[in-house]
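Structural description and commentary
Here's the letter readout for the chains.
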Amino acid sequence: MAGGPFTSLFRICASRNNVHSARVLLPYQNFHSMRQFNYWVLETHKFSPSFDVSCRQFSSTLGDIIHSHSPLKNPQFTIFNPADARPFSSSVNDEDGNRAKLNENKSLGFVENAGLESVDGNCVGAGDANENRVCESMVIEEKQSDDVEGGNNIVGEKNLVFRDPVELYRELLTAEKNDKLKRSDWDTLQEIFSCFSKSGWAANQALGIYIGMSFFHTAVNHFRNFFFKKCSAELAVHLVSLGASDKAVRFLFPIFVEYCIEEFPDEIKRFQNMISSADLTKPHTWFPFARAMKRKIVYHCGPTNSGKTYNALQQFMEAKKGIYCSPLRLLAMEVFDKVNALGVYCSLYTGQEKKHVPFSNHIACTVEMVSTEELYDVAVIDEIQMMADSCRGYAWTRALLGLKADEIHLCGDPSVLDIVKKICSETGDELYEQHYERFKPLVVEAKTLLGDFKNVRSGDCVVAFSRREIFELKMAIEKQTNHRCCVIYGALPPETRRQQANLFNDQDNEYDVLVASDAVGMGLNLNIRRVVFNTLSKYNGDKIVPVPPSQVKQIAGRAGRRGSRYPDGLTTTLQLEDLDYLIDCLKQPFENVKKVGLFPFFEQVELFAGQLPNISFAHLLEKFGENCRLDGSYFLCRHDHIKKVANMLERVHGLSLEDRFNFCFAPVNFRDPKAMYHLHRFAALYSIKVPVSIAMGMPKGSARNDAELQDLETKHQVLSVYLWLSQHFKKEIFPYKKKAEEMAIDIADLLGQSLIKACWKPESRQGGNPRPQQKEDGGERHKGDGYRRPNSLVKNYEK
Ligand SMILES: Nc1ncnc2c1ncn2[C@@H]1O[C@H](COP(=O)(O)OP(=O)(O)OP(=O)(O)O)[C@@H](O)[C@H]1O
Ligand SMILES: [Mg+2]
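Residues numbered from 1 in each chain as written. Chains lettered and ligands numbered in written order. Predicted model: local features only at pLDDT ≥ 70, side-chain atom pairs only at ≥ 80, totals over all residues. Heavy atoms only, no water.

The condition is simple: UniProt positions are given in the numbering used here, feature names are shortened, and annotations may be inferred rather than shown by experiment.
Naming follows an unreviewed UniProt entry, where the protein chain appears as RNA helicase of Salix koriyanagi. UniProt lists a comment for the protein chain under the heading Subunit (unreviewed entry), and it reads "Homodimer; in free form. Component of the mitochondrial degradosome (mtEXO) complex which is a heteropentamer containing 2 copies of SUPV3L1 and 3 copies of PNPT1." In its Sequence similarities (unreviewed entry) section, the UniProt entry covering the protein chain states "Belongs to the DExH box helicase family."

Put into structure tokens, the structure is as follows:
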């Protein structure tokens, strides 16, 4: 069953066929991104006892309520009538539209993971472990109730089990004081409450009535005190018979619900407000103007180097007014140059720069900068699979949902095709698919380089996953062969990357090998004959992991671009032992992405902040992450870097919430203390409304060692942040934009010059922390060159 089991929790208070009241708790998928399911109070319907409605009728009424309120398309539900311990069923559609009927298992009042049975008798979603467990647990329940009837249990227990918790709670409430309890019973009850307090199940369920996790323990403590004062002997005996068990917790829970609703209305209201202000459900409704349009979406779907972007750009150029949204500044610049060269006036808009071309009706921008206000004839969103990126995905999602364009061309691999289909069915846009094949198949060279750099050839791109490794490789290759290496990695400004790419592409020089990080994976048109993976594992910020297959494919696909000197692409590994993993990755079909990224707008964060005044911005973001509600197709993008900047800026007073929000998005490398220092200084000056100076000297010349090279990288980073801020805040506060632009160009130039002659050992940027490779033992040393290859993938896998 698509979408997994629908878990539901109902409590029906009934006497025979007459239903008095019902509280329906619906699961809210991803209420909390870290938890799987939580329950949500949908509605409370009170029926007077005289309202004589048959269970079946009631179930269909309830069904309507559930269907109209549920965030799921076709929620399935079941209602169990505790009065005769026989479930009465409601036939419902499963997500694929198949009719399903409820299984005939007996169960008691509270039912979790209600099992549905398909018409042919199989448990719906039988592959799902949860649901199987449900079916089993129901059978167990049935047996136990037989035992009860068999008379080997305490008198009155059956009655208690079937009693309406509301009534039980009312009785407790009106009881004068509790009957005398035996010491041992008292101890058991204490244990039961301790078990209740620790129960993850109960804490999760409590969210359904807006008892937040942080208040849950307090609520349980109050409830325990109340219970001990009022509990009757009969109730105590029943609970003691259950012992400190899940059963006892589940028995107490509905009484606890009644108690909380009555005792903590303010806490519940507060939590409810907080939750509703962190509501990120139905993101397609955030863009009413785009929704009012009938948009045509064309998905250019295919592997790398298959002409997707080329074809989308043809439509873009033919349009009267168009926008191209790029994943990278570099690619936006390239499209800007290409399109203008073809005679279509096009402006450039990135976080750092705005180049307005007079009379232009076309824009090439980075996806984060796209306007959802302007109206366009044609929009292109490149690398649409980035919607699933854990950090930046929200920018693609926003562009897809919010762009006001008659025609939107999406270019990307097939991994997000299904989810785009789903989104289009929600937005009402028409979706057309255009499928592509690679111009020439990518060939794997089974021989590999056998660990010897002497096998490096002209046109090779050797791929590594850290800056340090890149420089070590460059040194080793240049020392052992006659090749000269260009380098491309993430910390280089786009201008320098382009300069290095041109140097490599150009045939009239000795720079015929490229050593690059995954930064070559997107956007650059390079004359690569063969992609050679130095390693297929990388540091993910926490540990060394295998490079995901989708990324391996993307990088390997850089070899053999149409129109380049090497139209036939080859790929291989440095070491034979990594080859199998490379082949595995290339063979794997594109994974089907289930969720895409979202991030709140400032207005949403501001609304949420209204519920939690007096907490720091970083804490506020954390709380938002904990409490936001998301539909099943979305996840909240990671925002660790934003929190890091927010924490640093905490000491800067006088910034409004909006200022903080904007500062936190500045493209700073939070691992670079110098860059962070400058960002802090910019914010501090901004907060006291003093024009923000650059206060950074220009280096005298190109770098002579790695420390100087890193210094150039940092300086460019700082200027890039300054330029970004000058675009996002008032110009008067950042008056040195022109100067920053000039400095940035000069530094990018110096970086280019430095890289041409770079032949030094890389240094650690942070000194103290060991680099990922250093953490690993057993790296391989190449003959005589001092180069130490990081552990092979196989070893990392084993670890
Ligand atoms: N019909 C065409 N005529 C001429 N050149 C083409 C044509 N289609 C594609 N190309 C060229 O082939 C190369 C790859 O095309 P393109 O960039 O569109 O591929 P892609 O599928 O978008 O790849 P990637 O996934 O790597 O972005 C480009 O240099 C492009 O200019
Ligand atoms: Mg492309």
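1. Quick notes on the side chain of Lys230
Formally: Strands here mean DSSP runs of E at least two residues long; helices mean DSSP runs of H or I at least four residues long; both are numbered from the N terminus. A 3.5 Å cut-off defines polar contacts: any pair of N or O atoms within that distance qualifies, except that in protein one atom must be a possible hydrogen donor and the other a possible acceptor, and neighbouring residues in sequence count only when both atoms are side-chain atoms.
For Lys230, the position within the fold is in helix α7 (residues 213-230). For Lys230, the side chain forms a polar contact with the main-chain oxygen of Leu173, separated by 3.2 Å. A distance of 2.9 Å separates a polar atom in the side chain of Lys230 from the backbone oxygen of Ala175.

2. Describing the site of ligand 1
Cut-off, in case you're wondering: Proximity criterion: a residue is near a molecule or strand once any of its heavy atoms comes within 4 Å of it.
Lining the immediate environment of ligand 1, one finds 14 residues, of which Lys308, Thr309, Tyr310, Arg558 and Arg561 sit closest. At a separation of 2.8 Å, an oxygen atom of ligand 1 approaches a polar backbone atom of Tyr310.

3. Considerations on the sheet that holds strand β16 (residues 430-435)
How we decide: Should DSSP find at least two bridges between two strands, the strands are regarded as paired. Residue contacts are defined here by distance: any two heavy atoms, one from each residue, within 4.5 Å place the two residues in contact. Whenever a helix is involved, its axis is fitted only over the stretch in contact; in every case the axis is a line through C-alpha atoms, and angles between N-to-C directions fall within 0 to 180 degrees.
Ordered by their spatial adjacency, 8 strands build an open sheet running β12-β11-β13-β10-β14-β15-β9-β16, and the pairing between neighbours is mixed. If you trace the sheet from one side to the other, it starts and ends with β12 (354-355) and β16, each paired once. For strand β9 (residues 296-301) and strand β15 (residues 404-412), the ladder comprises 6 bridges, and the chain directions are parallel. Its bridge partner being in β15, Tyr299 is matched across the sheet by Leu410. Sheet strands in contact with helix α12 (residues 308-318) are β9, β10 (322-326), β11 (346-349), β13 (362-366), β14 (375-381) and β15, and its direction is about 165° off that of β15.

4. Some details on the pattern of salt bridges
What counts, and what does not: Within this document, salt bridges are pairs made up of a side-chain nitrogen of Lys or Arg and a carboxyl oxygen of Asp or Glu, the two lying within 4 Å of each other. Burial status follows relative accessibility: with a 1.4 Å probe on protein chains alone, a residue under 20% of its type maximum counts as buried, one over 50% as exposed, and anything between as partly exposed.
Enumeration according to the criterion identifies 29 salt bridges in this entry. The residue Lys474 makes a salt bridge to Glu478 at a minimum N-O spacing of 3.1 Å. In this pair, Lys474 and Glu478 both sit in helix α16 (residues 467-480), 4 residues apart, roughly one turn of the helix. Given a relative accessible area of 1%, Lys474 falls into the buried group. Assessed through its relative accessible area of 17%, Glu478 is described here as buried. Ionic contacts of the salt-bridge type, sharing partners, join the residues Glu445, Asp460, Arg529 and Arg530 into one network.

5. Observations regarding the UniProt feature "domain: Helicase ATP-binding" (unreviewed entry) in the protein chain
In the numbering used here, UniProt assigns the feature "domain: Helicase ATP-binding" (unreviewed entry) to residues 289-405. Taken as a whole, residues 289-405 contains 32% helix and 26% strand, while its terminal C-alpha atoms sit 10 Å from one another.

6. Description of the pairing of strand β20 (residues 511-516)
Filter applied, for reference: Classification remark: right-handed applies to a crossover when, strands pointing away from the viewer, the course from the first strand over the helix to the second runs clockwise.
Burial of β20 is extensive: 6 of the 6 residues sit out of reach of the surface. Pairing geometry for strand β19 (residues 484-488) and β20, over 5 bridges, is parallel. Its bridge partner being in β20, Arg484 is matched across the sheet by Tyr511. Taking the sense of rotation as the criterion, the β-α-β connection linking β19, helix α17 (residues 494-505) and β20 turns out right-handed.

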